[in-house]
Amino acid sequence: MSGDYYQILGVSRDATKQEIKRAYRQQARKYHPDVNKEPGAEDKFKEINKAYEVLSEPETKARYDRFGEAGVSGAGASGFDPSDMGGFADIFETFFGGGFGGGGATTGARRRGPARGDDLRLDLRLKFREAVFGGEKEIKIPHLETCQVCDGSGAKKGSGVKTCPTCNGAGQVRRATRTPFGSFAQVTVCPTCNGEGQIIEEKCESCGGQGRKQQNKKLKITIPAGVDNGTRLRVTGEGDAGTRGGPAGDLYVYLSVETDSQFKREGNNIYSEITISYLQAILGCRLKVATIDGEEEVAISAGLQPDTVITLRDKGVPKLGNSVSRGDQLITVHVEIPTKINSEERELLEKLAQIKGDHTSKGGFEGFLESIFHKK
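Residues numbered from 1 in each chain as written. Predicted model: local features only at pLDDT ≥ 70, side-chain atom pairs only at ≥ 80, totals over all residues. Heavy atoms only, no water.

**A short note on the overall build of the chain**
Phase 1 of the analysis: Within the chain one finds 10 helices and 17 strands.
Phase 2 of the analysis: For the chain, restricting intrachain contacts to residue pairs at least 6 apart in sequence, the fraction spanning at least 24 positions comes to 62%.
Phase 3 of the analysis: Of the roughly 22500 Å² of accessible surface on the chain, 48% is carried by carbon and sulfur atoms. (Helix = DSSP H or I, 4+ residues; strand = E, 2+ residues; numbered from the N terminus. Contact = heavy atoms within 4.5 Å. Areas by Shrake-Rupley, 256 points an atom, 1.4 Å probe, with all protein chains shown as cover.)

**Remarks on the UniProt feature "repeat: CXXCXGXG motif" (unreviewed entry) in the chain**
Phase 1 of the analysis: Mapped onto this numbering, the UniProt entry annotates "repeat: CXXCXGXG motif" (unreviewed entry) at residues 147-154, 164-171, 190-197 and 204-211.
Phase 2 of the analysis: Split by type, residues 147-154 is 0% helix and 0% strand. Its first and last C-alpha atoms lie 8 Å apart.
Phase 3 of the analysis: Spanning residues 204-211, this segment combines 0% helix with 0% strand, and its end C-alpha atoms are found 8 Å apart. (UniProt positions renumbered as here; feature names shortened; annotations may be inferred.)

**Notes on unusual backbone geometry**
Phi is mostly negative for residues that are not glycine, and the peptide bonds are mostly trans.
Phase 1 of the analysis: Even without being a glycine, Asp 307 presents a positive backbone phi close to 65°.
Phase 2 of the analysis: With respect to the element layout, Asp 307 can be found in the loop between strand S13 (294-300) and strand S14 (308-312).
Phase 3 of the analysis: Judged by relative accessible area, Asp 307 falls into the partly exposed class, the value being 46%. (Buried < 20%, exposed > 50% of the residue type's maximum accessible area, 1.4 Å probe, protein only.)

**Remarks on helix H3 (residues 41-55)**
Phase 1 of the analysis: The terminal C-alpha atoms of H3, which comprises 15 residues, lie 21 Å apart, in line with the 21 Å expected from a rise of 1.5 Å per residue.
Phase 2 of the analysis: Within H3, the full set of buried residues consists of Ala 41, Phe 45, Ile 48, Ala 51, Tyr 52, Val 54 and Leu 55.
Phase 3 of the analysis: Turning to H3, the residues buried within the fold contact helix H1 (5-9), helix H2 (17-31) and helix H4 (58-67). (Expected span 1.5 Å × (residues − 1).)

**Here we look at the packing of aromatic side chains**
Phase 1 of the analysis: Enumeration according to the criterion identifies 4 aromatic pairs in this entry.
Phase 2 of the analysis: Considering the side-chain rings of Tyr 24 and Tyr 52, the 4.1 Å spacing of their centres and the 10° angle between planes classify their relative orientation as stacked. Of this pair, Tyr 24 sits in helix H2 while Tyr 52 sits in helix H3, and the two are 28 residues apart along the sequence.
Phase 3 of the analysis: A ring pair is formed by Phe 128 and Phe 263, whose centres lie 6.4 Å apart and whose planes are at 25°; its orientation type is stacked. Of this pair, Phe 128 sits in helix H7 (residues 128-133) while Phe 263 sits in the loop between strand S9 (251-257) and strand S10 (264-266), placing them 135 residues apart in sequence. You'll find Phe 128 and Phe 263 in the same group, each marked buried.
Phase 4 of the analysis: An aromatic cluster of three or more residues is present, and its members are Tyr 5, Tyr 6 and Tyr 64.
Phase 5 of the analysis: When the ring centre of Tyr 31 is taken as reference, the NZ or CZ atom of Lys 44 above it lies at 5.8 Å. (Phe/Tyr/Trp six-rings, centres within 6.5 Å; stacked < 30°, edge-to-face > 60°. Lys NZ or Arg CZ within 6 Å of the ring centre and 35° of its normal.)

**Let's talk about the confidence of the model for the chain**
Phase 1 of the analysis: Of all residues in the chain, 80% have pLDDT values of 70 or greater, and the mean over the chain is 82.
Phase 2 of the analysis: The least confident element of the chain, judged by mean pLDDT, is helix H5 (residues 88-96) at 38; the most confident is S14 at 97.
Phase 3 of the analysis: Contacts for the low-pLDDT stretch residues 75-111, under 50 throughout, to residues beyond four places or in other chains number 61 contacts. (pLDDT = per-residue confidence, 0-100.)

**Brief notes about the sheet that holds S9**
Phase 1 of the analysis: Strand order across the open sheet formed by 3 strands is S1-S9-S8, with mixed pairing between neighbours. Of all strands in the sheet, those bounded by a partner on one side alone are strand S1 (120-126) and strand S8 (232-235). Strand-to-strand twist of the sheet, defined as the mean angle between neighbouring strand axes without regard to direction, takes the value 25°.
Phase 2 of the analysis: Inspection of the sheet shows S8 paired to S9 by 4 bridges, in the antiparallel sense. (Pairing = 2+ DSSP bridges. Axes fitted to C-alpha atoms, helices over the stretch in contact; angles between N-to-C directions.)

**Overview of the sheet that holds strand S17 (residues 329-336)**
Phase 1 of the analysis: The sheet built from 4 strands is open, its strands ordered S10-S11-S17-S14 with mixed pairing. Where the open sheet ends on each side, the last strands, each with one partner, are S10 and S14. In this sheet, adjacent strand axes meet at a mean angle of 30° when their direction is disregarded.
Phase 2 of the analysis: Relative to S17, strand S11 (residues 269-277) is paired through 8 bridges, and the arrangement is parallel. Within the sheet, the bridge partner assigned to Ser 272 lies in S17 and is Ile 331.

**Describing the pattern of salt bridges**
Phase 1 of the analysis: Applying the stated rule across the entire model yields 25 salt bridges.
Phase 2 of the analysis: With its nearest N and O atoms 3.3 Å apart, the salt bridge here joins Asp 4 to Arg 13.
Phase 3 of the analysis: Where Lys 137 meets Glu 130, a salt bridge forms, and the shortest distance between an N and an O atom there is 2.9 Å.
Phase 4 of the analysis: Here the residues in one salt-bridge network are Asp 4, Arg 13, Lys 61 and Asp 65, joined through shared partners. (Salt bridge = Lys/Arg side-chain N within 4 Å of Asp/Glu carboxyl O.)

**Thoughts on the packing of H2 against H3**
Phase 1 of the analysis: Viewed as axis vectors pointing N to C, H2 and H3 meet at an angle of 165°, and their least axial separation amounts to 9 Å. Considering their axes alone, H2 and H3 lie roughly antiparallel with respect to each other. In this structure, the crossing between H2 and H3 has a hand that is left-handed. Together, Ile 20, Lys 21, Tyr 24, Gln 27, Ala 28 and Tyr 31 of H2 and Ala 41, Lys 44, Phe 45, Ile 48, Asn 49, Tyr 52 and Leu 55 of H3 make up the contact between the two elements.
Phase 2 of the analysis: Class assignment of the residues belonging to the contact of H2 with H3 gives a composition of 9 nonpolar, 2 polar and 2 charged. (Parallel < 35°, antiparallel > 145°, perpendicular 65-115°, else oblique. Left-handed = near helix turned anticlockwise from the far one by under 90°. Nonpolar A, V, L, I, M, F, W, Y, C, P; charged D, E, K, R; others polar.)

Right, dumping it as structure tokens:
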């Protein structure tokens, strides 16, 4: 298989695990051989599965990010890091889940190190003008915070942790395993301490020994001007708290925008409509129209034709990341033709039609309007 795995799934290199999974499902449905009978669909489906197999697991994803395809094929695919030349003991540990000497203890030590907290997602709905102009928004999120009673240790005050008696602090237990290459020590996670190498003597009553507690937190976040449906905001450090002193994850806010009764948005331009009378269209006028900045006076030229579009420069949506630059507002002008007129209006209009020299197939008022607005 060749090609960039991120491009195959259609995600960015900083995509979250959930985004990768969602992209995989979409692509898999599209190219599944039972659904897509086009030539090459089956090969594409295999590529998608391979890409997801690599990017869905943090370890293989990290190797791929560092070494490319070479890091997840051959020796790299089996978990062997080319930069780690720790000898044959490390290689056997990779292939058989066990090792010699201190290999298992090293792995246990890594497991007991600081761990970053999970990223969180929040879906936030904005009003039309909130998306256009941005501003501050207060949100409420449930997330895991470091326990303030035990400072994240999980141990009761005055208590502490002790070395696990089952694994003697290694975080792993060993048992002999026979393979075609001989007998080797297979290493598994210690069931007593769950790989921590230490156990808490007395658990913190506040967090139950977890070191973290579920809390609801209020935050004020800044919405940039010009955001739209699907815009993703990242709030650093507001995800779940890390464990063992690890950093907190991030909060990702996904935005959706409500529709507006007056305005429609396409890109950075705003579209709206107004209706004027046929007399205003014939004679011209000045009138106030609604914009997202408030009312604006516009000039209607005499003889304006139905469905003419008037452009108001720089009255659209600010460009995301550059609020000084804005799109335009495009106003479609509809002309209202009355279905009924009184006798005095008809008399005046028929006189005007005679002055204009009505040569249409229709006479009187209808013919006059037809000649004015080029109706056929």
